[in-house]
Structures are given as C-alpha cells and as structure tokens.
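Geometric and topological summary
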Amino acid sequence: MAGAINTGVLRVMSNQQMTAREDAARRAADESVNQQVMIGLASHIHRCWQEAYRAKQLITPRILNAQRARMGQYSPEVLAEIRKFGGSEEYARISANKCRIAEAWLRDVFIGQSEKPWTLKPTPKPALSEESLAKINAQIAAEFAIQFAQTGQPPDDDALMERKDQLSEEEEERLEEVARTAMTNMERTMNDQMTQGGWIDAIGAFLSDLVTFPAAHFKGPFFRKRTQLKWENQNGQWTPVVTEEVIPEFERMDPLRCFPAPGATSPHEGYFIEQIPLSRNDLYSMIGVQGFNEDAI
C-alpha cells in the first residue's frame, strides 16, 4: 500500500525555552526604545549646549576683564596700546583692593572667625498633630467621665474649654522641648556634614568670585563617594580600615565653565550646564576605548 511520506521536522520547545525566548525579545525591544530615547536626549542636550555656548561668548570677555582687574593685569589689547606710546605698564590695583575688602566683610558674615555664623531654631508655636489632639480629647473625656460618675453632674462648657486649653499648652511645651532637642542634634549633624564636605573652603572661593565676577556659582550638597579611614575593633584590637562612603560635598564652580540657558537670571530658569574637565582616562572610557594608559602619553 503506497502512502505519502512527511519529511517535515516539528520543533518542540519546553516552557522554559519559550519563556527565555520571549524575555530575550522583550529585552531587545526595550533596548531599542531606550536607545531611541538616549539619542533624542543626547540631541536635546547638544542643542542646549550650543545655545548656551553661543550666549556665553557675549559675557566671556567681561569675565576675563574682571579676572585681569583682580589680578592686576592689563588685557593684551590695552597693553599693546600702552607699549605703542611707551607708557607705564604698572597697574593700579584699585579694583583688587576693593574686592579684598568686600570679600573680608562677607567672609566674616558667612564663615565667621571662631564660631559658626548660623544656628537652627524650632518654630515658636508648634502645631498640634491629630495624634496630640486625639490624646488631649481622650484625657478630657476620661477626666470628666470620672467627675460625672462621682457627682452625677454633666461637665460645664467653660470648665471643659479651660481644661482643653491647659492640656494643649502643656502639649505645646512638650513639643517645643522635643523640637529643641531635635534641632540641637540636627545642628550638630549639619555642622559635621559641612566640615567633611569642604563647606568653608568652597564658600570662601565662592565669595571671592562673588566680589570679582558679574556672577558667582556654588553647588551643594551633592553626593560623592570618598575613601575614608576608620578604626574598627577586630578581635579586641583597634585596626585602621579603609572604607568607601558616600558623603555630601560642596563646591565652588568655575565661572568660565558655567553655561546657563540664554536669558536665564537664576539656575531655576531653563537649564544649566557645567563643563566638567575630564582626564584622558575618563574621556576614553566614555567613548569606549579600553586599555588606555594616560601615563604613556
């Protein structure tokens, strides 16, 4: 008896293989979408950078002239004109002296000499929370319930309000004490973070820029991973251990590397770009070159 022979091969996949195949297809689709998003974002950032860079070219000569005035230097154009007629190249450092005086005043206000020039205080009249109000009402209800059981008379409205005001005042005093303790602990924590984060040096450099340039820039706190040396008790002996911690830091920003949005009067308007100098290793790592040795250049 003659019959047709089927030579086709039926592929059989397990549930795990089908799931893995679907996951791979989903990841590929997600990567494609992410790539498109990143390309669009990179294009937007590049366009913003070009706009900010062109706008900054109008103010850069003014920044450089302010820097020269602080350093006591003539611009190359002015110096060439002076040399043409053989004039004196001595620079009268009037602007530099004014800047130093203004900087000293500001440093005394914002940094201080021996004590920190800032403190924290809790609000003069803390607002009672719902929990506190419920606690007060429960205590009043319990007290007047006992009074009613003893006398058989309902509580007087005036007495009720007077007792409620008394308990509210006591609760506010308790909250004020709690707030004072919390503010003391927070003040100590903030002072420690500012000391570790380089606040004094950063704000000092910022104040120097503030009296020198048309605008000054300061950022912080931002978080950065730093290597820290700590002492740990290991088997009864204190041993120095190197650890990595993320700590808040503060930093003065170079005015020549700051590019705000055209027409912006504060960092909250439009966008703000900071040109961060990169080492060659960082640069080549960003573009995907492996095994680059900066010391070999």
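Let us look at the structure shown here. None of these values were measured; they are calculated from a predicted model. (Residues numbered from 1 in each chain as written. Predicted model: local features only at pLDDT ≥ 70, side-chain atom pairs only at ≥ 80, totals over all residues. Heavy atoms only, no water.)

**With respect to the packing of aromatic side chains**
To keep it simple, the criterion reads: For Phe, Tyr and Trp, rings pair up if their centres lie within 6.5 Å, where Trp contributes its six-membered ring, and each pair is then called stacked (planes under 30 degrees apart), edge-to-face (over 60) or tilted (otherwise). Helix and strand definitions follow DSSP, with helices as H or I runs of at least four residues and strands as E runs of at least two, each counted in order from the N terminus. Each residue gets one of three labels from its accessible area relative to the maximum for its type: buried under 20%, exposed over 50%, partly exposed in between, using a 1.4 Å probe on protein chains only.
Counting across every chain of the model gives eight aromatic pairs. Aromatic pair Trp 199 and Phe 218: ring centres 5.6 Å apart, planes at 85 degrees, arrangement edge-to-face. Pair noted here: Trp 199 is in helix 7 (residues 199-210) and Phe 218 is in strand 1 (residues 217-234), with a separation of 19 residues, a long-range link. The exposure class of Phe 218 is partly exposed, given its relative accessible area of 25%. Here the aromatic rings of Trp 199 and Phe 250 are separated by 5.3 Å at their centres, their planes lie at 85 degrees, and the arrangement is edge-to-face. One end of the pair, Trp 199, is in helix 7; the other, Phe 250, is in strand 2 (residues 237-253), and 51 residues separate them in sequence. Residue classification places Trp 199 among the partly exposed positions, given a relative accessible area of 23%.

**So, the environment of Ile 247**
To keep it simple, the criterion reads: Two residues qualify as a contact provided that any one of their heavy atoms is within 4.5 Å of a heavy atom in the partner residue.
Tracing the sequence through the fold places Ile 247 in strand 2. For Ile 247, a relative accessible area of 6% gives the class buried. A C-alpha to C-alpha distance of 9.0 Å links Ile 247 and Pro 221, two positions 26 residues apart in sequence. Among all residues touching Ile 247, those that are not within four sequence positions of it are Gln 196, Phe 222, Phe 223, Arg 224, Arg 226 and Gln 228.

**Details of the layout of surface pockets**
Heads up, the condition is: Cavities and pockets were defined on a 1 Å grid built from protein atoms only: a cavity is a group of points that admits a 1.4 Å probe but offers it no way out, a pocket is an open group of points flanked by protein on both sides within 12 Å along at least five of seven lines, and a lining residue is one with an atom within 4 Å of any such point. Grid points are joined across faces, edges and corners, and a volume is the space filled by probe spheres set on the points. All residues other than Ala, Val, Leu, Ile, Met, Phe, Trp, Tyr, Cys, Pro, Asp, Glu, Lys and Arg, Gly among them, are scored as polar; the first ten of these are nonpolar and the last four charged.
Space inside the largest pocket adds up to approximately 470 Å³. Lining the largest pocket are 23 residues, with Ile 59, Ala 215, His 217, Pro 260 and Ala 264 sitting closest to its centre. Mapped by element, the contributors of at least two residues to the lining of the largest pocket are helix 1 (15-56), helix 2 (60-71) and strand 3 (258-260). Taken together, the residues of the lining of the largest pocket break down into 17 nonpolar, four polar and two charged. Among the secondary structure elements, those contributing two or more residues to the lining of the second largest pocket are helix 6 (157-196) and helix 7. In terms of residue class, the lining of the second largest pocket is made up of seven nonpolar, five polar and two charged.

**What about the pairing of strand 1?**
Consecutive side chains of a regular strand alternate in pointing toward one face of the sheet and then the other. Stated formally: Two strands pair under a simple rule: DSSP has to find at least two bridges between them.
Two elements, strand 1 and strand 2, share 16 bridges in a ladder whose sense is antiparallel. Note that in strand 2 the partner of Asn 233 across the bridge is Trp 238. The turn linking strand 1 back onto strand 2 is made up of two residues, and Asn 235 within it adopts a positive phi angle of 55 degrees.

**Some details on the side chain of Asp 209**
Where we set the bar: Each polar contact in these results corresponds to two N or O atoms within 3.5 Å; when the atoms are within protein, one needs to be able to donate a hydrogen and the other to accept it, and residues that are neighboring in sequence are counted only if both atoms are side-chain atoms.
Here Asp 209 shows up in helix 7. What makes Asp 209 buried here is its relative accessible area of 5%. Among the polar contacts made by the side chain of Asp 209, one reaches the side chain of Arg 252 at a distance of 2.4 Å. Among all residues touching Asp 209, those that are not within four sequence positions of it are Ala 216, Arg 252, Met 253 and Pro 255.

**Describing the side chain of Arg 163**
Position of Arg 163 relative to the elements: it lies in helix 6. Note on Arg 163: relative accessible area 19%, which makes it buried. With near-sequence residues (within four places) excluded, Arg 163 lies in contact with Gln 139, Ile 140, Glu 143 and Phe 144.

**Details of the packing of helix 5 (residues 130-151) against helix 6**
Any two packed helices are characterised by how steeply their axes cross, that is the angle between the axes, and by the distance between the axes. Put simply, the rule is: Here, axes are lines fitted to C-alpha atoms. For helices the fit covers the stretch in contact, and angles between N-to-C directions go from 0 to 180 degrees. Angular relationships are summarised with four words: roughly parallel below 35 degrees, roughly antiparallel beyond 145, roughly perpendicular across 65 to 115, and oblique for the angles in between. What makes a crossing left-handed is the near helix being turned counterclockwise from the far one by less than a right angle; a clockwise turn instead makes it right-handed.
At a closest axis distance of 10 Å, the pairing of helix 5 and helix 6 adopts a crossing angle of 140 degrees. Looking at the two axes, helix 5 sits oblique to helix 6. In the crossing of helix 5 with helix 6, the sense of the turn from one axis to the other is right-handed. Where helix 5 abuts helix 6, its residues Ser 132, Ile 136, Asn 137, Gln 139, Ile 140, Glu 143 and Phe 144 lie against Ala 159, Leu 160, Arg 163, Lys 164, Leu 167, Ser 168, Glu 171 and Leu 175. Its residues placed into classes, the contact of helix 5 with helix 6 shows seven nonpolar, four polar and four charged.

**Quick word on helix 7**
Think of an α-helix as 3.6 residues a turn; residues three or four steps apart then line up on the same face. Applied cut-off: Here, expected helix span is obtained from the residue count minus one, scaled by 1.5 Å.
With twelve residues, helix 7 should cover 16 Å at 1.5 Å per step; its first-to-last C-alpha distance of 16 Å lies within 8% of that length. Three or more residues of helix 7 are buried, namely Ala 202, Ile 203, Gly 204, Phe 206, Leu 207 and Asp 209. Contacts made by the buried residues of helix 7 are with helix 4 (94-110), strand 1 and strand 2.

**Observations regarding unusual backbone geometry**
Excluding glycine, a negative phi dihedral is what most residues carry, and trans is how most peptide bonds are arranged. The step from Gly 220 to Pro 221 runs through a cis peptide bond, and the omega angle for that step is -5 degrees. Along the polypeptide, Pro 221 turns up in strand 1.

**Overview of the pattern of salt bridges**
Let me state the cut-off plainly: Each reported salt bridge corresponds to a side-chain nitrogen of Lys or Arg within 4 Å of a carboxyl oxygen of Asp or Glu.
In the structure shown here, the tally under the stated rule is 14 salt bridges. When the shortest N-O distance is used, the salt bridge between Glu 81 and Lys 84 registers 3.5 Å. Pair noted here: Glu 81 and Lys 84 are both in helix 3 (residues 76-84), with a separation of three residues, about one helical turn. On the accessibility criterion, Glu 81 (44% relative accessible area) is partly exposed. Note that Arg 252 and Asp 209 form a salt bridge whose closest N and O atoms lie 2.4 Å from each other. In this pair, Arg 252 sits in strand 2 while Asp 209 sits in helix 7, placing the two residues 43 residues apart along the sequence. Overlapping salt bridges, with partners in common, bring together Lys 219, Arg 224, Arg 226, Glu 249, Glu 251 and Glu 274 in one network.

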